[in-house]
Amino acid sequence: MLLGYFLFGVMTFHLSGAQSEVSEVFAEAGSQAVLPCKCSRLSARIPAIIWRKAGKGTVWRKEKSGLEFWGSDWFSKGNQRVRWPHNQLESGDFSLQINNVREEDGGVYSCRVEHGVLVIEKTVTLRITKVSVSSPAPIWGNDVSITCSVTPWPQGALVRWTLNDSPFEPRTIQTAVREKATGRLTGTWTCVVAYKDQEGRASATLSVKGVIHPPDDDARVYAAVGSAVTLPCVFSPGLIPSDPLWEKLKPGYLYKPAPGPLPASFSASGPLSALASDQSARLNEVALEDEGRYRCSATIEGQRVTRNMQLVVAKVHSSTPSQNTGSVTLTCQLTDTVEVTKYEWVHVIYDLNGSRSVGPILEGKSLSISTTDEGNRGEWACRFYGKDGLLGNVTHHVQQMSGLSGEKPVSVSHNTAAAVGLSFLLLVMLLILAQIYKNHRRRKGIFQYPALETIVHTVSNEREERERNTVKK
């Protein structure tokens, strides 16, 4: 008899020790956590089950009779936060489900299953992860901190950060990011905690309020000489900036730029803009000297927010046509080429009906063409690209030089002959007029005395009369 009790006690102790387990569970604050407690089915009857939290007492208990009890701390606004899978009890799954977990829910839990004289205990450590932001929508330029917390904190855990699924390395401690609020911080921050063979995650969204377009300082805006361009300055939706101001910054002042005069064609959006958050400006006709840095600023919630941008002006330089071949070199010129990685030229022709045709693409910053070739007349567009695609374009119109064209000598000869013929005819007419004038002057010189003209006429008549009488005799 004594030997039987001894063997039963040893067996019970052995079984209890063999079924004891310790596990880790990570859950993000506000999500659902499932604490595992699975046992092999030992009998057809459902055992007694009790879930406890260290330092808090009973969470949920089910008696062998089927009665259930819940702790008072597990109700939220009349809703029960703790559940267990009724339909899986018969299969030996006694896991505990906690909805809308809170940081205070973190801790050590125990699951005790009683199958008659056999007692199985499992221990689960629930760790609640959370990402906290000092301000979910800070003003551009303000200090912002993003903190990762785990309750209870696992000693020896490794922490890493991602921003919009891309790795982000904090400047100081691993559990917190402290930065000045800028556009690059906008997005979803995720804290990943690795501990033993488990990994916990938590995320938070950060939206920086201020100028959203352009998103960064010193963004470049490209425009061709003679074209119109918009200098963007768009604030976050819902913001109403006050005291907006546009300035052109003088070159040579990097740290404390001094404002200079704005271009003559500059016009601000003013109070009649469709959206108060849009304080963009416009240059109606860009000149080469308009290039440089511009600054847009306004007051948001008592703080001055600024955005600097660079206006890059493009033009096409045409060399002097060659007198022998009529060829010219077109060069694409920009006042700032930092972002430019490639140039290409495209020939665009419009016919009398307005139809547009595009020639082959030619790469290079410069292009040599013959102006005497009728096929080269029309519009030549220089397109320049950066690493992210097209930056802008500038066009140049080529007109045919007829004086150098190989198809024009016949018409030129005809025109020359006509001019020579007209000149000869004019010369003959001038000679005739000169002779008429000369005869007129001679007659005027001889008969300028009327009395003398009468005497001469009388003498001549008398002579003719005497000659007739002599013949009669």
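It should be noted that the structure appears before, not after, this text.
Report on the accompanying structure. (Residues numbered from 1 in each chain as written. Predicted model: local features only at pLDDT ≥ 70, side-chain atom pairs only at ≥ 80, totals over all residues. Heavy atoms only, no water.)

**What to know about the sheet that holds strand E17 (residues 198–206)**
Applicable threshold: Whether two strands pair depends on DSSP finding at least two bridges between them. Helix and strand assignments come from DSSP, with helices taken as H or I runs of at least 4 residues and strands as E runs of at least 2, each series counted from the N terminus. For helices, the fitted line uses only the C-alpha atoms of the stretch in contact; every axis is such a line through C-alpha atoms, and the angle between N-to-C directions lies from 0 to 180 degrees.
The strand order E14-E13-E16-E17 describes an open sheet built from four strands, whose pairing is antiparallel. Edge positions in the open sheet fall to strand E14 (166–168) and E17, since each of these has one partner strand only. Between one strand and the next, the sheet's axes are offset by a mean angle of 30°, whatever the strand orientation.

**Observations regarding the environment of His396**
To keep things clear, this is the line we draw: By definition in these notes, contact holds between two residues if any of their heavy atoms fall within 4.5 Å.
With respect to the helices and strands, the residue His396 is situated in strand E33 (residues 389–398). Sequence separation between His396 and Ala381 is 15 residues, and the spatial gap between their C-alpha atoms is 6.3 Å. Discounting chain neighbours no more than four positions away, the residues touching His396 are Val316, Ser318, Leu330, Gly378, Glu379 and Trp380.

**Quick look at the side chain of Asn376**
Definition in use: For the exposure calls, accessible area comes from a 1.4 Å probe over protein chains only, and a residue counts as buried if that area is under 20% of its type's maximum, exposed if over 50%, partly exposed in between.
Among the secondary structure elements, Asn376 is positioned in the loop between strand E31 (366–370) and strand E32 (378–386). Asn376 sits in the buried class, given a relative accessible area of 15%. Contact partners of Asn376, with chain neighbours within four places excluded, come to His347, Ile369, Ser370 and Val398.

**Looking at the pattern of salt bridges**
What counts here: A side-chain nitrogen of Lys or Arg and a carboxyl oxygen of Asp or Glu constitute a salt bridge if their distance falls within 4 Å.
Per the counting criterion, the structure on display carries 18 salt bridges. The partner of Glu179 in a salt bridge is Arg184, with the nearest N and O atoms 3.1 Å apart. Assessed through its relative accessible area of 44%, Arg184 is described here as partly exposed. Members of the salt-bridge network, linked through shared partners, are Arg112, Glu114 and Glu121.

**Brief notes about the nonpolar core**
Where a protein is soluble and globular, its nonpolar side chains tend to be buried together. As a reminder, the rule being used: What makes a nonpolar core is a set of buried Ala, Val, Leu, Ile, Met, Phe, Trp, Tyr and Cys residues whose side-chain atoms join them at distances within 4.5 Å.
Counting residues in each nonpolar core, the largest one holds 45 residues, and the members touching the most others are Trp161, Trp189, Val193, Leu231, Trp246, Leu283 and Leu311. Counting residues in each nonpolar core, the second largest holds 26 residues, with Ala27, Cys37, Val82 and Val124 among its members.

**Some details on a nonpolar patch on the surface**
Our working rule: Surface patches are drawn from residues lacking salt bridges whose relative accessible area is over 30%; two like charges belong together within 9 Å, two nonpolar side chains (Val, Leu, Ile, Met, Phe, Trp, Tyr) within 5 Å. Exposure was quantified through the Shrake-Rupley algorithm and a 1.4 Å probe, taking into account, for residues, occlusion by the shown protein chains and nothing else.
Residues Leu426, Leu430, Ile432, Leu433 and Ile436 make up a contiguous nonpolar surface patch of roughly 500 Å² in combined accessible area. Position of Leu426 relative to the elements: it lies in helix H2 (residues 409–446).

**Details of the side chain of Ser280**
The condition is simple: Whenever two N or O atoms come within 3.5 Å, that pair is a polar contact, provided that in protein one can donate a hydrogen and the other can accept it, and provided that, for residues adjacent in sequence, both atoms are side-chain atoms.
Mapped onto the secondary structure, Ser280 falls in the loop between strand E24 (266–268) and strand E25 (281–283). There is a polar contact of 2.6 Å between the side chain of Ser280 and the side chain of Asp278.

**Thoughts on the state of the cysteines**
The condition is simple: Cysteine sulfur atoms that pair up within 2.5 Å are treated as a disulfide.
Summed over the entire model, instances satisfying the criterion amount to four disulfides. The disulfide bridge from Cys332 ends at Cys382, spanning 2.2 Å between sulfur atoms. What sets the handedness of the Cys332 and Cys382 disulfide is the S-S torsion sign, and at about -105° it is left-handed. Taken as a pair, Cys332 in strand E28 (residues 327–334) and Cys382 in strand E32 lie far apart in primary sequence, 50 residues in all.

**What to know about unusual backbone geometry**
With omega at -10°, the peptide bond leading from Thr151 into Pro152 counts as cis. Position of Pro152 among the secondary structure elements: in the loop between strand E12 (143–151) and strand E13 (158–163). A cis amide bond links His213 to the next residue, Pro214, at an omega of 5°. Positionally, Pro214 belongs in the loop between strand E18 (211–213) and strand E19 (219–224). Despite not being glycine, Asn164 has its phi angle at roughly 55°, a positive value. Counting through the fold element by element, Asn164 comes out in the loop between E13 and E14.

**Here we look at the pairing of E17**
In the sheet, strand E16 (residues 187–195) pairs with E17 via nine bridges, with the strands oriented antiparallel. Bridge pairing links Tyr195 to Gln198 in E17. Linking E16 to E17, which pair antiparallel, is a turn of two residues; within it Lys196 sits at a positive phi near 55°.

**Describing the sheet that holds strand E2 (residues 33–35)**
Read from one edge of the open sheet, three strands run E2-E9-E8, paired in antiparallel fashion. Single-partner strands in this sheet number two, and they are E2 and strand E8 (82–83). Pairing between E2 and strand E9 (residues 96–98): three bridges, direction antiparallel. Bridge assignment links Leu35 to a residue of E9, and that residue is Leu96.

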